[in-house]
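Structure at a glance
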Amino acid sequence: MKSGIEKLMSTTQQIIDGYDRFYLNDLKMRKRISFEHCSKPQLLFKEIIDNSETPFIPKIQEKYNKVVELDPFLIECQRTRSAPPGYRFPHPYQVELDRLRLNYSQLIKVFTKQLDDVALSSSPFVYVETVDALQSLAEILNESDIFAFDVHNHSFRSYQGFICFMEISTDKEDYVIDCLKLREHLHILNKPFTNPNIFKVSLDSKDKLTWLQRDFGIYVLNLFDMKFLLNNLSLPNSLPFLANKFLEFSFKNIYLEFDFRKRPITSQEKLYLRSFSHFSLRVFFKLKGMVPKFGMDHLYQEIFEESRKLCLNTYEKPVSDDGYYTLFNELKNHLTMNKINKLKKLISWRDMTARLEDESRDYILPDELIQTLLQDIPVIITFSIISNFLERPRIS
């Protein structure tokens, strides 16, 4: 006959084993396991990672293409590394974006360009990993009429996340930037990105715009987000679909689990990364030919305005209790008062631990495991399950 302790350990192990069996078949869990075995690059960042609940202080170092000067209060807060509790800094380019208007002569100039359907592997390419190469890229972009951009962000082993790669394509060349190696220098790209005379193309850029602010102090003026055009044309908001439909290129699913923190990367991984900006630009040129001439001006004005509104968004740190409301809304029909209190405590502990260890909440305690812990089990078993989960081998 089993003792009370043996029964306790048996129940604990059954829950953990059941959790593993169910979620090991899931892509999310496979990513968890593969992401255990890569060192955390943010440990080498020169800046201090601030996961506190204090306001995010914009990182912009120099305001290029300005109509008004940078706010003196922001400069003082940057110097002291402090801001009033709950304060939200105005967008550094609020005035410039408010005054921005669609330049039709520039639009016509861009739209009359002819872009060859060059095979991805044959297109000129530069892997940017030195300050000199980054400076050269900034100068090239400053002389361009148009460029497409994309970013690859890592958020699983970080509380706020960080950009690992940025991809940029002009009508002549593709670039992949190692943002981990050049993180402290990437602010120089704020000059071409805020140049109102350069047309920027991206797809579904809402989060990307705030990530650029968060990591590098880069802002964007004169953006064309293809998402709004795709909605008008009743096409899916999916670059793999569009690249396949218009350019017969197939994105490889083998890179779905690609850990963007890994260095060095292979030539095939570089090819995969550059394909995002490369095909964004080429799909854009294909799409513009599908727009009917009747009503074209009105449509482009509408897309320009929607894209401008996206550029007005500013980065804010994650809110402490948003995980609670997500889970509460999902489970509210099955929650007793005891379970609600337990949920609040688990969410609060998860958020505090994630901030301190600079990990995502999902890495510390996945929502699926929280749902398991809300079962009618003793508190000691709850702590035992969490302890077993956290004690799995991991590399910082």
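Relevant structure appears above.
All values derive from a computational prediction rather than experimental measurement.

1. Observations concerning the overall build of the protein chain
Within the protein chain one finds 17 helices and six strands. Counting only contacts in the protein chain whose residues sit at least 6 apart along the sequence, the fraction spanning at least 24 positions is 74%. Total accessible area on the protein chain is roughly 20000 Å²; 54% of this is exposed by carbon and sulfur atoms.

2. Things to note about the packing of helix H10 (residues 239-247) against helix H11 (residues 267-288)
Running from amino to carboxyl end, H10 crosses H11 at an angle of 60°, the nearest separation of the two axes being 10 Å. Here H11 runs oblique to H10, going by the angle between their axes. Classified by chirality, the crossing of H11 by H10 is left-handed. Only Ser275, Phe276, Phe279, Ser280, Arg282, Val283, Lys286 and Leu287 of H11 make contact with H10, whose side of the interface consists of Leu239, Leu242, Ala243, Phe246 and Leu247. Grouping the amino acids of the contact of H10 with H11 by side-chain chemistry returns nine nonpolar, two polar and two charged.

3. Describing the pattern of salt bridges
Across all of its chains, the model carries 29 salt bridges by this definition. Salt-bridge contacts for Glu184 lead to Lys46; the nearest nitrogen and oxygen are separated by 3.5 Å. One end of the pair, Glu184, is in the loop between strand S4 (174-178) and helix H7 (190-193); the other, Lys46, is in the loop between helix H2 (27-34) and helix H3 (72-80), and 138 residues separate them in sequence. Note on Glu184: relative accessible area 41%, which makes it partly exposed. Here Lys46 falls in the exposed class, since its relative accessible area comes to 70%. A salt bridge links Arg88 to Glu316, with the nearest nitrogen and oxygen atoms 2.7 Å apart.

4. Brief notes about helix H9 (residues 226-233)
Buried residues of H9: Met226, Phe228, Leu229 and Leu230, and no others. On the buried face of H9, the contacting elements are strand S5 (199-202), strand S6 (223-225), H10, H11 and helix H12 (296-311).

5. Quick word on unusual backbone geometry
A cis geometry characterises the amide bond from Arg263 onward to Pro264, with omega recorded as -5°. Along the chain, Pro264 turns up in the loop between H10 and H11. A positive phi is found at Asn65, a non-glycine position, where the angle reads about 55°. Structurally, Asn65 is set in the loop between H2 and H3.

6. Overview of the pairing of strand S3 (residues 162-169)
Buried residues dominate S3, accounting for eight of its eight residues. As paired strands, strand S2 (residues 146-154) and S3 are joined by seven bridges and run antiparallel to one another. Opposite Val151, over in S3, you have Met166 as the bridge partner. When S3 meets S4, the two strands line up antiparallel, connected through five bridges. Among the inter-strand pairings, Phe165 is bridged to a residue of S4, identified as Asp178. Counted along the chain from S3 to the antiparallel partner S4, the turn is four residues long.

7. Notes on the sheet that holds S5
Strand order in the open sheet formed by six strands is S1-S4-S3-S2-S5-S6, and the pairing between neighbours is mixed. Since the sheet does not close on itself, it has two edges, and those belong to strand S1 (125-128) and S6, each with one partner. Ignoring strand direction, the axes of neighbouring strands in this sheet form an average angle of 25°. Packed onto the sheet, helix H8 (residues 206-216) meets S2, S3, S5 and S6 and runs at close to 115° relative to S3.

8. A short note on the packing of aromatic side chains
This structure, assessed with the given rule, holds 22 aromatic pairs. For the ring pair Phe251 and Tyr272, a centre distance of 6.4 Å and an interplane angle of 80° mean the geometry is edge-to-face. Here Phe251, found in the loop between H10 and H11, pairs with Tyr272, found in helix H11; they are 21 residues apart in sequence, far enough to count as distant. By relative accessible area, Phe251 is classed as buried at 13%. A connected cluster of aromatic rings, assembled from ring pairs, spans Phe249, Phe251, Phe258, Phe260, Tyr272, Phe276 and Phe279.

Each value, and the rule that gives it
Residues numbered from 1 in each chain as written. Predicted model: local features only at pLDDT ≥ 70, side-chain atom pairs only at ≥ 80, totals over all residues. Heavy atoms only, no water. Helix = DSSP H or I, 4+ residues; strand = E, 2+ residues; numbered from the N terminus. Contact = heavy atoms within 4.5 Å. Areas by Shrake-Rupley, 256 points an atom, 1.4 Å probe, with all protein chains shown as cover. Axes fitted to C-alpha atoms, helices over the stretch in contact; angles between N-to-C directions. Parallel < 35°, antiparallel > 145°, perpendicular 65-115°, else oblique. Left-handed = near helix turned anticlockwise from the far one by under 90°. Nonpolar A, V, L, I, M, F, W, Y, C, P; charged D, E, K, R; others polar. Salt bridge = Lys/Arg side-chain N within 4 Å of Asp/Glu carboxyl O. Buried < 20%, exposed > 50% of the residue type's maximum accessible area, 1.4 Å probe, protein only. Pairing = 2+ DSSP bridges. Phe/Tyr/Trp six-rings, centres within 6.5 Å; stacked < 30°, edge-to-face > 60°.

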